[in-house]
Amino acid sequence: MTIVAPSVLSLDYSHMEKQIQQLNESEAEWLHFDVMDGHFVPNLTFGTDIMKGFAKSSRQKLDVHVMIEDPVAFMDSFYEAGAYNYTFHEEALMHKEEIAKLAAHAHELGKSVGLSIKPGTPLEYLKPWIGKFDLFLLMSVEPGFGGQKFQPAVLDRIRTLRKWLMEEGSTALIEVDGGINAETGKQCVEAGADVLVAGSYVFKNDIRKAVHSLV
Ligand code: DX5
Ligand code: ZN
């Protein structure tokens, strides 16, 4: 079954309690936290204190996606705040040995760790990291904002990555993020995705029904 990860970036914070309750009654297994620093992407969101609130009130596993210049500095605090998985961007780290160190550090802590690339970053950049990460997050929009249009070019990238994972015997998950709705979600799953992140589609519709249409 597909793992659905609603992105709380699109949650209506004026009706937070009600929406968290609906999420808890939905089939969503993960909640997705888009952490932005105003530098790596031109937008600002939240940090660990806000996520701790969700850790108390939500039944889902907390899936953190940091779009920040310094993913090294914040990994430990997100795990301590209750993150199940911490995904950072390949583009954020100039020195590639830092990527290896961060993945190894997460595994020393017994945690799940993911690596993400933007739509314009060659897929080949992920290849050396197969076997070292639990999850690969392919962006299907330019990171920074919810509500953007799905870029279908991600479908071929999902197929290729699925092939590479099979060839290497990796059980890593493929997650897709950006412009996901019932139609684009189905296309991603058919191409080989395991986890669908969905923001505006889930929160601008009936939460339980929208999640159900993605499972
Ligand atoms: C974009 C974020 C996404 C975003 C998806 O930078 O990483 O997780 O919330 O939102 P929708 O589903 O509205 O495209
Ligand atoms: Zn995201």
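These figures come from a predicted structure and were not determined experimentally.

A. Up close: the packing of aromatic side chains. Under the criterion given, the structure shown has 9 aromatic pairs. Ring geometry for Tyr86 versus Phe88: centroids 6.5 Å apart, planes at 45°, classification tilted. Taken together, the aromatic side chains of Phe78, Tyr79, Tyr86, Phe88, Trp129, Phe133 and Phe136 make up a single cluster linked through ring pairs. In this structure, Lys61 packs its charged tip against the face of Tyr84, placed 4.4 Å from the ring centre. When the ring centre of Phe40 is taken as origin, the NZ or CZ atom of Lys118, which lies over that ring, is 4.7 Å away.

B. Looking closely at the layout of surface pockets. Estimates place the volume of the largest pocket at around 320 Å³. Lining the largest pocket are 28 residues, and of these Gly146, Gly147, Gly178, Gly179 and Ser200 sit closest to its centre. Mapped onto the lining of the largest pocket, the elements with two or more residues apiece are strand 2 (30-36), strand 8 (195-198) and helix 7 (200-203). Of the residues assigned to the lining of the largest pocket, the class counts are 12 nonpolar, 12 polar and 4 charged.

C. Spatial organisation of the sheet that holds strand 6 (residues 135-139). The sheet built from 8 strands is open, its strands ordered 1-8-7-6-5-4-3-2 with parallel pairing. What marks the edges here is a single partner per strand, and that holds for strand 1 (3-6) and strand 2. Strand after strand, the sheet turns through a mean of 20° between neighbouring axes, direction not considered. Here strand 3 (residues 61-67) runs beside strand 4 (residues 85-89); their pairing, made up of 3 bridges, is parallel. What sits directly across from His65, in strand 4, is Thr87.

D. Structural detail: the coordination of the zinc ion (ligand 2). With distances of 2.0 to 2.2 Å, the protein atoms coordinating the zinc ion (ligand 2) are His32 (NE2), Asp34 (OD), His65 (ND1) and Asp177 (OD). For the zinc ion (ligand 2), the 6 donor atoms in the first shell make angles of 65 to 163° at the metal, so the coordination geometry reads as octahedral. Between consecutive donors of the zinc ion (ligand 2), the numbers of intervening residues give the motif H-x1-D-x30-H-x111-D. With Asp34 in strand 2 and Asp177 in strand 7 (residues 173-177), this pair connects stretches of sequence that are 143 residues apart. Residue Asp34 is classed as buried on the basis of its relative accessible area of 4%. For Asp177, a relative accessible area of 7% puts it in the buried group.

E. Representation of the side chain of Ser26 in the model. Locating Ser26 in the fold gives a position in the loop between helix 1 (16-25) and strand 2. Residue Ser26 is classed as buried on the basis of its relative accessible area, which comes to 6%. Of note is the side chain of Ser26, whose polar atom sits 3.1 Å from the backbone nitrogen of Ala28.

F. Up close: the site of ligand 1. The environment of ligand 1 is formed by 20 residues, the closest being Asp34, Gly144, Asp177, Gly199 and Ser200. Here an oxygen atom of ligand 1 and a backbone polar atom of Gly199 are 2.7 Å apart. Contact between ligand 1 and Ser200: an oxygen atom at 2.5 Å from a side-chain N or O atom of the residue. Mapped onto the shell around ligand 1, the elements with two or more residues apiece are strand 2, strand 3 and strand 8. With 3 residues, the single largest contributor to the shell around ligand 1 is strand 2.

Analysis parameters
- Residues numbered from 1 in each chain as written.
- Chains lettered and ligands numbered in written order.
- Predicted model: local features only at pLDDT ≥ 70, side-chain atom pairs only at ≥ 80, totals over all residues.
- Heavy atoms only, no water.
- Phe/Tyr/Trp six-rings, centres within 6.5 Å; stacked < 30°, edge-to-face > 60°.
- Lys NZ or Arg CZ within 6 Å of the ring centre and 35° of its normal.
- 1 Å grid on protein atoms, 1.4 Å probe; cavity = no way out; pocket = protein on both sides within 12 Å on 5 of 7 lines; lining within 4 Å.
- Points joined across faces, edges and corners; volume = space filled by probe spheres on them.
- Helix = DSSP H or I, 4+ residues; strand = E, 2+ residues; numbered from the N terminus.
- Nonpolar A, V, L, I, M, F, W, Y, C, P; charged D, E, K, R; others polar.
- Pairing = 2+ DSSP bridges.
- Axes fitted to C-alpha atoms, helices over the stretch in contact; angles between N-to-C directions.
- Donors = N, O, S within 2.8 Å, 3.2 Å for Na, K, Ca; no water.
- Tetrahedral: all angles 85-135°; square planar, octahedral: opposite > 155°, others 65-115°.
- Buried < 20%, exposed > 50% of the residue type's maximum accessible area, 1.4 Å probe, protein only.
- Polar contact = N/O pair within 3.5 Å; in protein donor to acceptor, adjacent residues only side chain to side chain.
- Near = heavy atom within 4 Å.

By themselves, these figures tell us nothing about what the structure is for.
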